[in-house]
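# Examining the three-dimensional arrangement
This is what each chain is made of:
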Number of protein chains: 2
Amino acid sequence: MPVGRSGGGAATTRGLALDTIRAARTISRVELAAGLGLTSPAITRIVRDLLVEGLVRETGRGPSTGGKPRTLLQINPTSRYGVGVHLERNTCVIVVADLAGQPVCRAVLPGAAHVPPERMLPRLADEIHALLAETGVNKTAVVGLGLVTYGPQDWRSGVLLTPQPNPQWLDYPVAERMAELVRLPVLLDNDANAAAIGEYWLGTVDLTSTYGCIYLGTGIGGGVVVAGEVYRGSSANAVEIGHISIDVDGAPCTCGNTGCLERSAGPEAVVRQAWKTSNLARRLGLDPKGRDQQGGDFLVDFSKITTAAGSGDPIAKSLVERSARYLGGAAVTLTNLFDLDFIVLAGPGFGSAASIYQSIIQTEVDRRWFSRRAHPVGVVPSANGSDAAAIGGAVLILQRELVRP
Amino acid sequence: MPVGRSGGGAATTRGLALDTIRAARTISRVELAAGLGLTSPAITRIVRDLLVEGLVRETGRGPSTGGKPRTLLQINPTSRYGVGVHLERNTCVIVVADLAGQPVCRAVLPGAAHVPPERMLPRLADEIHALLAETGVNKTAVVGLGLVTYGPQDWRSGVLLTPQPNPQWLDYPVAERMAELVRLPVLLDNDANAAAIGEYWLGTVDLTSTYGCIYLGTGIGGGVVVAGEVYRGSSANAVEIGHISIDVDGAPCTCGNTGCLERSAGPEAVVRQAWKTSNLARRLGLDPKGRDQQGGDFLVDFSKITTAAGSGDPIAKSLVERSARYLGGAAVTLTNLFDLDFIVLAGPGFGSAASIYQSIIQTEVDRRWFSRRAHPVGVVPSANGSDAAAIGGAVLILQRELVRP
């Protein structure tokens, strides 16, 4: 009985019940009914169905409140699985996550920089089938696959609206073709959205929270989650924080905008600055030649710089701090526009410099957020580490198939 | 039967039915049931209640589709009214709007720049009672009052979290005190949110649209509406677009941020630039003295500049065009983050230069929006003119009392 017109998939009552049980870890039927504002017979009926389907199980008893002790419910993590695939230029991470959002296995393939979809997608399908066989996950328990990558995308048709990682991917029916290959429901989504919802699903986030995610990979992405649902806007191409202008007179970006955050604060920008600092480039063994041939991924050199910064190298540190201040300014924009409870930092880019980024972004938000009299805004690292996007892909399909159809 | 946890007031099924009838102008029960995904008996019951309460009326018959012609429903505009009050430093606009969101009367008072709330609120209450008496609106048909002004605010308690228009307003229980004085439900909200939702209520906006509003008054505000609901975030202090940084190395703003849009593109910034252009200042009779004594409102001189720009004065025009380009960049940020279907320009600031602003902002969005391959984003003037915020205040209370309790 969905009520709502957002088009982003309103939760069903049954879905909300499952989501509430998942988030609570253990909960009684009485608490569940109270939390959802439903009658006792309605909850009894919904829970019975969830038990029959094996999604939920009974587990011991809670403390008595006078009458007989209450049977507690919890989700059955191994009853369903989602596959998450994070496709990037130079790497492709595959995870299988259980119903609790915990990864049970993982594989890494070379990315799609120079591979057309006709070759890449069968490779992915083979790897997924091998991974499921290896780990003994029964395919009938797999609800589907969430394939996550950059935007813009046509979310409804599962097609990329950008000639990345190479022109053969533009307008190719990625989701449809992948669904034929793996014989599972497939959704295509944005990697930063995925990282954001993965955090929610882990159960560390309050069900009513509004929070943002800044994803630092090859580029800079963003996602916002409102009460357990990814904010989508008109066409699910929202929160492209890497392409907001932070400098009205800045350089043109390939996206069409000027002075984009990514051009000043992203891995490529930091690496290019480091290359110019010959002393640093030599000391860290950076490679001003050759990177572009490996698909334009600057994460290898960027990781050397963030590691050096984390170890206290003053020149590397000053480059990372500059990037962090720009990201801090963008985090203020994100907060001033979305009024967030907190911001999650996710993605491999933060790597060894995560604490530098976290500290500077927190300082900027504390100092500059418009409504700081209303409430504080925390800046926290992702609980899902550098696989946050792939895990989130698995979570997105679990959510779509079980909570928000 | 609200389903949802956003805290922003999920629509009831009855509320959605009323909202759908309002937006459709005329609709049959069959169409209404189909639109809401409800059974025929459920719709019959809901419509009966709406008819009994007088909110809806039957009006003629639609074309027959084989059987007997269908009775059409429409809202009864004069069955309920909302009062909207837009409080600013130098002016305070009061409107009474009917259930269709159409203003039936209007009054203007001096603003609150130098007046404490203890004196201002009784003045407002007297004026509202006089206005209702004059126009013959029965107070029993008035559902409440929406008082809209700047942020940050504590939306739930109805208290301002800013020492504006003067320090006596900070932490004063504005909504509670006003409710005692007018003996009506009162909500306090942001003026740009109000302008945004006023547009929706007029029935010109598709029920599922996601759109933004840029409000140009003394400052620059913003609002976003998703499927008929104001986007609120954690504490209803979202979309403070006047205080996003457009220049990473810009001047500090009183809000704590640096390089804020308002400091470069708002009325005060344009007026200060005009004052420096002595030829223009003399020609337009601008008043570099005296303005600050009148409450820091730069709208009088700004209006002279926009009028001159609209009439083709090249110097005035170049100042307005610069402001419009900055607003265009901010509109791109708003679109890249919220993925909007369209953007409404509202507020008295646009005045005689509305077409210059609209044209330049549209050009910037067309050229720079990240996902322009997904869909176009239109830039349109508000249908509610310069009273958009006050009318929106009335709409917000109608919506809260009748659609989203």
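Going by the annotation in an unreviewed UniProt entry, the name recorded for chain A is ROK family protein, with Micromonospora rubida given as the source organism. UniProt's Sequence similarities (unreviewed entry) comment on chain A is quoted here verbatim: "Belongs to the ROK (NagC/XylR) family."

## Side note on the sheet that holds strand 6 (residues 103–110) of chain A
Residue and element names in this part refer to chain A. Across the sheet, five strands lie side by side as 6-5-4-7-10; this open sheet has mixed pairing. Of all strands in the sheet, those bounded by a partner on one side alone are strand 6 and strand 10 (186–190). Across this sheet, the average inter-strand angle for adjacent strands is 20°, counted without regard to direction. Sheet topology note: the strand 4 (residues 81–87)/strand 5 (residues 91–98) ladder contains seven bridges and is antiparallel. Paired with Gly-84 across the strands is Val-95, a residue of strand 5. Against the sheet, helix 4 (residues 117–135) touches strand 4, strand 5, strand 6 and strand 7 (142–149), its axis set at about 150° to strand 6. Running at roughly 135° to strand 4, helix 13 (residues 388–402) makes contact with strand 4, strand 5, strand 6, strand 7 and strand 10 of the sheet.

## Concerning the sheet that holds strand 11 (residues 210–216) of chain B
All names here are of chain B. Across the sheet, which stays open at both edges, the five strands sit in the order 13-12-11-14-15 with mixed pairing between neighbours. Edge positions in the sheet fall to strand 13 (229–230) and strand 15 (378–381), since each has one partner strand and no second. Bridge count for strand 11 against strand 12 (residues 220–226) is seven bridges, and the pairing is antiparallel. Of the residues in strand 12, the one forming a bridge with Thr-210 is Val-226. Across the sheet, helix 11 (residues 314–338) lies against strand 11, strand 12 and strand 14 (342–346), angled at about 150° from strand 11, the strand it touches most. Packing against the sheet, helix 12 (residues 354–368) makes contact with strand 11, strand 14 and strand 15, and its axis sits at approximately 165° to strand 15.

## Focus: the relation of the copies chain A and chain B
Note on the copies: chain A fits chain B at an RMSD of 0.0 Å, the axial shift is 0.0 Å, and the rotation between them is 180°. Seen this way, the second copy is the image of the first under a two-fold rotation axis. When C-alpha distances to the rotation axis are compared across chain A, the minimum falls at Asp-247 of chain A, with a value of 2.3 Å. Mapped onto chain B, 100% of the interface residues of chain A are again interface residues, and the two copies thus contact each other with one and the same surface.

## Here's the deal with the environment of Thr-333 of chain A
Summarising the element assignment, Thr-333 of chain A is placed in helix 11 (residues 314–338). With 20 residues separating them along the chain, Thr-333 of chain A and Asp-313 of chain A place their C-alpha atoms 30 Å apart. When neighbours within four sequence positions are excluded, Thr-333 of chain A is seen to be in contact with Ile-244 of chain A together with Ile-244, Ser-245, Thr-333 and Leu-337 of chain B.

## Side note on the packing of aromatic side chains
Aromatic rings considered in pairs are described by the distance between their centres and by the relative angle of their planes. Throughout the structure, instances matching the rule amount to twelve aromatic pairs over all chains. Among the aromatic residues, those joined into a cluster by ring pairs are Tyr-231 and Phe-338 of chain A together with Tyr-231 and Phe-338 of chain B. A cation sits over an aromatic face here: Arg-22 of chain A above Trp-201 of chain A, 4.4 Å from the ring centre.

## With respect to the interface of chain A and chain B
In this assembly, 61 residues from chain A lie in contact with 61 residues from chain B. Between the two partners, chain A and chain B, sit 34 residue pairs in polar contact (both at pLDDT 80 or more). Residue assignment for the side of chain A that touches chain B shows that the elements contributing at least two residues are helix 1 (13–24), strand 12 (220–226), helix 11 and helix 12 (354–368) of chain A. In terms of residue count, the dominant contributor to the side of chain A that touches chain B is helix 11 of chain A (seven residues).

## Regarding the environment of Asn-76 of chain B
Residue and element names in this part refer to chain B. You can see Asn-76 is positioned in the loop between strand 3 (71–75) and strand 4 (81–87). With 22 residues separating them in the primary sequence, Asn-76 and Gly-54 have C-alpha atoms 6.9 Å apart. Beyond its immediate chain neighbours, meaning those up to four positions away, Asn-76 contacts Gly-54, Leu-55, Val-56, Arg-57 and Leu-99. For Asn-76, the side chain forms a polar contact with the main-chain oxygen of Gly-54, separated by 3.1 Å. Side chain to side chain, Asn-76 and Arg-57 meet in a polar contact 3.4 Å long.

## Section: unusual backbone geometry
Pro-152 of chain B follows Gly-151 of chain B through a cis peptide bond whose omega is -5°. Mapped onto the elements, Pro-152 of chain B comes out in the loop between strand 7 (142–149) and strand 8 (153–154). Going from Gln-164 of chain B to Pro-165 of chain B, the amide bond is cis rather than trans, its omega being -5°. As for its placement among the helices and strands, Pro-165 of chain B is situated in the loop between strand 9 (159–160) and helix 5 (174–182). Not every positive phi belongs to a glycine, and Asp-171 of chain A is a case in point at roughly 65°. Along the chain, Asp-171 of chain A falls in the loop between strand 9 (159–160) and helix 5 (174–182).

## Quick notes on the packing of helix 8 (residues 267–276) of chain B against helix 11 of chain B
Residues and elements named next belong to chain B. Contact pair helix 8 / helix 11: the axes reach a minimum separation of 10 Å and the direction vectors enclose 150°. Judged on the interaxial angle alone, helix 11 and helix 8 are roughly antiparallel. For the pair helix 8 and helix 11, the crossing hand works out as right-handed. Judged by residue contacts, Val-270, Gln-273 and Ala-274 of helix 8 engage Leu-319, Arg-322 and Ser-323 from helix 11. Here the contact of helix 8 with helix 11 is composed, by residue class, of three nonpolar, two polar and one charged.

## Side note on helix 8 (residues 267–276) of chain A
Along an α-helix, residues three or four positions apart point the same way, because every turn accommodates 3.6 residues. Residues and elements named next belong to chain A. Of all ten residues in helix 8, seven are buried, a share of seventy percent or more. Of all the positions in helix 8, only Pro-267, Ala-269, Val-270, Val-271, Gln-273, Ala-274 and Trp-275 are classed as buried. Contacts made by the buried residues of helix 8 are with strand 11 (210–216), helix 7 (261–265), helix 9 (278–284), helix 10 (299–310) and helix 11.

## With respect to helix 6 (residues 191–204) of chain B
All names here are of chain B. With 14 residues, helix 6 should cover 20 Å at 1.5 Å per step; its first-to-last C-alpha distance of 20 Å lies within 8% of that length. Counting buried residues along helix 6, 13 of its 14 residues qualify, which places the element largely inside the surrounding structure. Taking the backbone nitrogen of Ala-192 as reference, a side-chain oxygen 2.8 Å away marks Asn-190 as the first, capping residue of helix 6.

## Here we look at the nonpolar core
Grouped together as the largest cluster of nonpolar side chains are 102 residues, with contacts concentrated most on Ile-214, Phe-338 and Tyr-357 of chain A together with Ile-214, Phe-338 and Tyr-357 of chain B. Those residues within four positions of Ile-214 of chain B in sequence are excluded, and the remaining contacts are Ile-220, Gly-221, Ile-241, Leu-327, Ala-331, Leu-334, Ile-343, Val-344, Leu-345, Ala-346 and Phe-350 of chain B.

## Examining the pairing of strand 15 (residues 378–381) of chain A
All names here are of chain A. Summarising the sheet, strand 14 (residues 342–346) and strand 15 pair through four bridges and their orientation is parallel. Of the residues in strand 15, the one forming a bridge with Leu-345 is Pro-381. For the segment spanning strand 14, helix 12 and strand 15, crossover handedness is right-handed.

Quick notes on the rules
- Residues numbered from 1 in each chain as written.
- Chains lettered and ligands numbered in written order.
- Predicted model: local features only at pLDDT ≥ 70, side-chain atom pairs only at ≥ 80, totals over all residues.
- Heavy atoms only, no water.
- UniProt positions renumbered as here; feature names shortened; annotations may be inferred.
- Pairing = 2+ DSSP bridges.
- Helix = DSSP H or I, 4+ residues; strand = E, 2+ residues; numbered from the N terminus.
- Axes fitted to C-alpha atoms, helices over the stretch in contact; angles between N-to-C directions.
- Contact = heavy atoms within 4.5 Å.
- Least-squares fit on C-alpha atoms with pLDDT ≥ 70 in both.
- Phe/Tyr/Trp six-rings, centres within 6.5 Å; stacked < 30°, edge-to-face > 60°.
- Lys NZ or Arg CZ within 6 Å of the ring centre and 35° of its normal.
- Polar contact = N/O pair within 3.5 Å; in protein donor to acceptor, adjacent residues only side chain to side chain.
- Parallel < 35°, antiparallel > 145°, perpendicular 65-115°, else oblique.
- Left-handed = near helix turned anticlockwise from the far one by under 90°.
- Nonpolar A, V, L, I, M, F, W, Y, C, P; charged D, E, K, R; others polar.
- Buried < 20%, exposed > 50% of the residue type's maximum accessible area, 1.4 Å probe, protein only.
- Expected span 1.5 Å × (residues − 1).
- Core = buried A, V, L, I, M, F, W, Y, C linked by side-chain atoms within 4.5 Å.
- Right-handed = clockwise from strand over helix to strand, strands pointing away.

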